[in-house]
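# Residue-level structural notes
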Amino acid sequence: MTDHPARAVPRPALVGIFGGLFAGYLGLTAVIPVLPAFLRDRHAAGDLVVGLVVTVTAGTALLVRPVAGALADRYGHRTVMLAGALVAALGGLLYFLPLAVPALVAVRLLLGAGEAALFTAGAVWTVALAPHHRRGQLIGLYGVSMWGGISAGTFLGATLQQVSFTAVWALAAAAPLLAAALIALVPVPHGEPGTAAPREPGTTAQRKSGGGGGLLLRPALLPGTALALGAAGYAGLAAFVVLHLDARGIGSGVLVLSCFSAVYAGTRLVIGHLPDKLGPRRVAAWSAAGEAVGLTIVALAPNLPVAVAGGVVTGVGFSLLHPSLALMVMNRADPTRQGAAIGAYTSFWDLGLAVWGPVTGLVAATLDYPAVFGVGAACAVAAAAMAAWIGRPAGGHGGTGRPGKPGSERTEARAA
C-alpha cells in the first residue's frame, strides 16, 4: 500500500476523530477525582474498594483493545469508534442509578471496554487517513488529544463535584454523546480500511502479519514489550516523585509532574514529525535513552531546578516513544490486520502499568525512592536497546537497503 506524497490530510475527518477522542476521554475521566469521595460518602468504602473501582477499567481495556482493533479491521473504524463512544455514554448514564459497589465495578468494566474501542479504532483510523509521510506525527497528535481530554476531564470533574455528584454524572454521559456526534459526522469514502470484505483465516495476509491473536500478534509483540518497559519510568514518576522530593526536603514534586506533562504534549506538537522524517527505529531508541537520562537526573536531583530539568528530559524522551513504536507496528502489520496489531500494541501499555504499579511500590518500600527511578531508567535503557534491534528489517524484507541503515527503514515503511 502506498500513499501519494501530495495526498492532503482530510482535516474535517481529523477534527471529528480528534474531537471525538477528546470529548470521549473528557467524559471518561471526569469521574476519576470524584469516585473516591463518592464511594466513601455513599458506601463507606475503604481504600481497597476505592482503588478497585477506580482502576478496574484497565482490566477490560487490556483484553478488549486487540478485539476492538480486529473488529475495526472487519467492520470499519468509524463503526467501532462510534460504538466505544456510545458505550462510554451509557456508562455515564448508569452512574445516575443507586448502584451497590459490585454494580459500580460492573459499570467501570463496561467503561473500560468502551474506552478501548474508542481509542483503538480511532488510532488505526487516523493512520489510515494520514499521508504516509505524516503517520507518526498524527499518531502523536492523536495521543495529545487523549491527554487533553484527560486533563480537561479531571479538572471539570473536580470542579463540578463542588456542585453535586449528579452534575459530574451528567458530564460523564453528555461528553461521550458529543464524541459520538463528532465521530458520526466523519465521512467514510468507499475503499477506506474496514469497508472491504474481510479475508478468511489462514490466508496469505494473515500469515504475513504473523498470525496469533490478542497480545501475541507478532508485529505488536516486541514493540509492545518495549512500550511496557518504557511505562516503568512513567509509573514511578507519577506515583513517587512527590514523595521522593519531600523525603529529600525539596518539595514541589507536583511542579515536576506538571512540567513533565506540559513537555510531553509540547514535544509532540513541535517535533512530532521526527519519527516520519528520521525513521521510527532511530527516534524510538533515542527517546527511550532520553527517558533513562531524565529519570536518572530526577533520582539524583539535589534541588528543585535539577529535578524539574529531569522531568523535562523525561517528558521529551517519553513523548515520542509511543508513536515511534506504534509506527513500527503499522509498518510491519498487513494492512488488513493493522487494527488488531495496534490494539494489541496498545494493550501493552495497560499491561505495563498493571505490572509496574505494584513493582515500583515494592521497590520503594524495600529500598528507597531513588531506586524507583533507577529501575525505571534501567527499563528505559532496555527499551532503547530493544527498539534499535526490532527496528532492523529482516534480510530481504522491506526494501533493498542493508539492515540498520536509515534509508532501509524508510524504504521498509514505504513498502508497508
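The structure displayed is predicted, hence computed values, not measured ones. (Residues numbered from 1 in each chain as written. Predicted model: local features only at pLDDT ≥ 70, side-chain atom pairs only at ≥ 80, totals over all residues. Heavy atoms only, no water.)

Our next topic: the overall build of the chain. Scanning the chain from terminus to terminus reveals 17 helices and zero strands. Looking at the chain as a whole, 52% of its 416 residues qualify as buried. Long-range contacts, defined as pairs at least 24 residues apart, comprise 81% of the intrachain contacts of the chain with a sequence gap of at least 6. Roughly 16900 Å² of accessible area belongs to the chain as shown, and the carbon and sulfur atoms make up 70% of that amount. (Helix = DSSP H or I, 4+ residues; strand = E, 2+ residues; numbered from the N terminus. Buried < 20%, exposed > 50% of the residue type's maximum accessible area, 1.4 Å probe, protein only. Contact = heavy atoms within 4.5 Å. Areas by Shrake-Rupley, 256 points an atom, 1.4 Å probe, with all protein chains shown as cover.)

What follows concerns the pattern of salt bridges. Across all of its chains, the model carries three salt bridges by this definition. The partner of Asp41 in a salt bridge is Arg42, with the nearest N and O atoms 3.2 Å apart. On the basis of relative accessible area, Asp41 is assigned to the exposed category, the value being 51%. When the shortest N-O distance is used, the salt bridge between Arg65 and Asp350 registers 2.5 Å. (Salt bridge = Lys/Arg side-chain N within 4 Å of Asp/Glu carboxyl O.)

Where helix α2 (residues 35–43) contacts helix α3 (residues 47–55), the axes come no closer than 10 Å and their chain directions differ by 135°. The angle between the axes of α2 and α3 places the two elements in the oblique class. The handedness of the crossing between α2 and α3 comes out as right-handed. Contacts between α2 and α3 involve Leu35, Pro36, Leu39 and Arg40 on the former and, on the latter, Asp47, Val49, Val50, Val53 and Val54. A breakdown of the residues in the contact of α2 with α3 according to their chemical character gives seven nonpolar, no polar and two charged. (Axes fitted to C-alpha atoms, helices over the stretch in contact; angles between N-to-C directions. Parallel < 35°, antiparallel > 145°, perpendicular 65-115°, else oblique. Left-handed = near helix turned anticlockwise from the far one by under 90°. Nonpolar A, V, L, I, M, F, W, Y, C, P; charged D, E, K, R; others polar.)

The next point concerns helix α11 (residues 253–271). Between its first and last C-alpha atoms α11 spans 27 Å; for 19 residues at 1.5 Å apiece the expected length is 27 Å, and the two agree. Restricting attention to buried positions, one finds in α11 the residues Gly253, Val256, Phe260, Val263, Tyr264, Thr267 and Arg268. Mapping the buried residues of α11 onto a view down its axis gives an arc of 125°, with all of them on the same face. Facing away from the buried side of α11 by more than 90 degrees, the exposed set consists of Val254, Ala262, Leu269 and Val270. Of the surrounding secondary structure, the elements contacted by the buried residues of α11 are α7 (135–160), α10 (218–247) and α14 (304–332). (Expected span 1.5 Å × (residues − 1). Arc of directions from axis to C-beta.)

Right, let's get into a nonpolar patch on the surface. Taken together, the side chains of Val67, Leu71 and Tyr75 present a nonpolar region at the surface, about 290 Å² in accessible area. Relative to the assigned elements, Leu71 resides in helix α4 (residues 57–75). Under the relative-accessibility criterion, Leu71 is labelled partly exposed at 37%. (Patch = residues over 30% accessible without salt bridge, like charges linked within 9 Å, V, L, I, M, F, W, Y side chains within 5 Å.)

Looking now at the nonpolar core. Counting 55 residues, the largest nonpolar core has Val241, Leu325, Tyr345, Trp356 and Phe373 as its most contacted members. For this core, the secondary structure elements donating two or more residues are α6 (101–129), α10, α11, α13 (280–300), α14, α15 (338–366) and α16 (369–390). Look past the residues within four positions of Phe373 in its chain and what remains in contact with it is Gly236, Leu237, Phe240, Val241, His244, Leu295, Val298 and Ala299. Judged by nonpolar contacts, the second largest core, of 50 residues, contains Val34, Ala45, Val54 and Leu111. (Core = buried A, V, L, I, M, F, W, Y, C linked by side-chain atoms within 4.5 Å.)

Here we take up the packing of aromatic side chains. Within the structure shown, the criterion is met by 16 aromatic pairs. Ring geometry for Tyr264 versus Phe318: centroids 6.0 Å apart, planes at 35°, classification tilted. With Tyr264 in helix α11 and Phe318 in helix α14, this pair connects stretches of sequence that are 54 residues apart. Here the two residues Tyr264 and Phe318 agree in accessibility, since each one is buried. (Phe/Tyr/Trp six-rings, centres within 6.5 Å; stacked < 30°, edge-to-face > 60°.)

Let us look at unusual backbone geometry. Its identity is not glycine, yet Ala44 carries a phi of approximately 50°, on the positive side. Assignment of secondary structure puts Ala44 in the loop between α2 and α3. Within the chain, Ser252 stands out as a residue other than glycine whose phi angle is a positive 60°. Position of Ser252 among the secondary structure elements: in the loop between α10 and α11.

So, about the environment of Ala173. On the secondary structure map, Ala173 appears in helix α8 (residues 165–184). Put simply, Ala173 and Phe96 are 77 residues apart on the chain and 9.7 Å apart in space, counted from C-alpha to C-alpha. Excluding residues that lie within four positions of it along the chain, Ala173 makes contacts with Ala89, Gly92 and Leu93.

A word on the packing of α6 against α7. Packing of α6 against α7 leaves a shortest axis separation of 9 Å and a crossing angle of 150°. In terms of their interaxial angle, α6 and α7 are classed as roughly antiparallel. Judged by the sense of rotation from one axis to the other, the crossing of α6 with α7 is right-handed. Contacts between α6 and α7 pair Leu118, Phe119, Gly122, Ala123, Thr126 and Val127 from the former with Arg135, Leu138, Ile139, Tyr142 and Met146 from the latter. Taken together, the residues of the contact of α6 with α7 break down into eight nonpolar, two polar and one charged.

This part is about the side chain of Thr60. Within the secondary structure, Thr60 is located in helix α4. For Thr60, a relative accessible area of 17% corresponds to the buried category. Setting aside chain neighbours within four positions, we find Thr60 in contact with Leu109, Gly112 and Ala113.

Further remarks concern the environment of Leu351. Here Leu351 lies in helix α15. On the basis of relative accessible area, Leu351 is assigned to the partly exposed category, the value being 28%.

All right, on to the confidence of the model for the chain then. When pLDDT is averaged across the chain, the result is 82; 85% of the residues are at 70 or more. Low pLDDT (under 50) marks residues 1–6, which in the prediction has nine contacts with non-local residues, meaning those over four places away or in another chain. (pLDDT = per-residue confidence, 0-100.)

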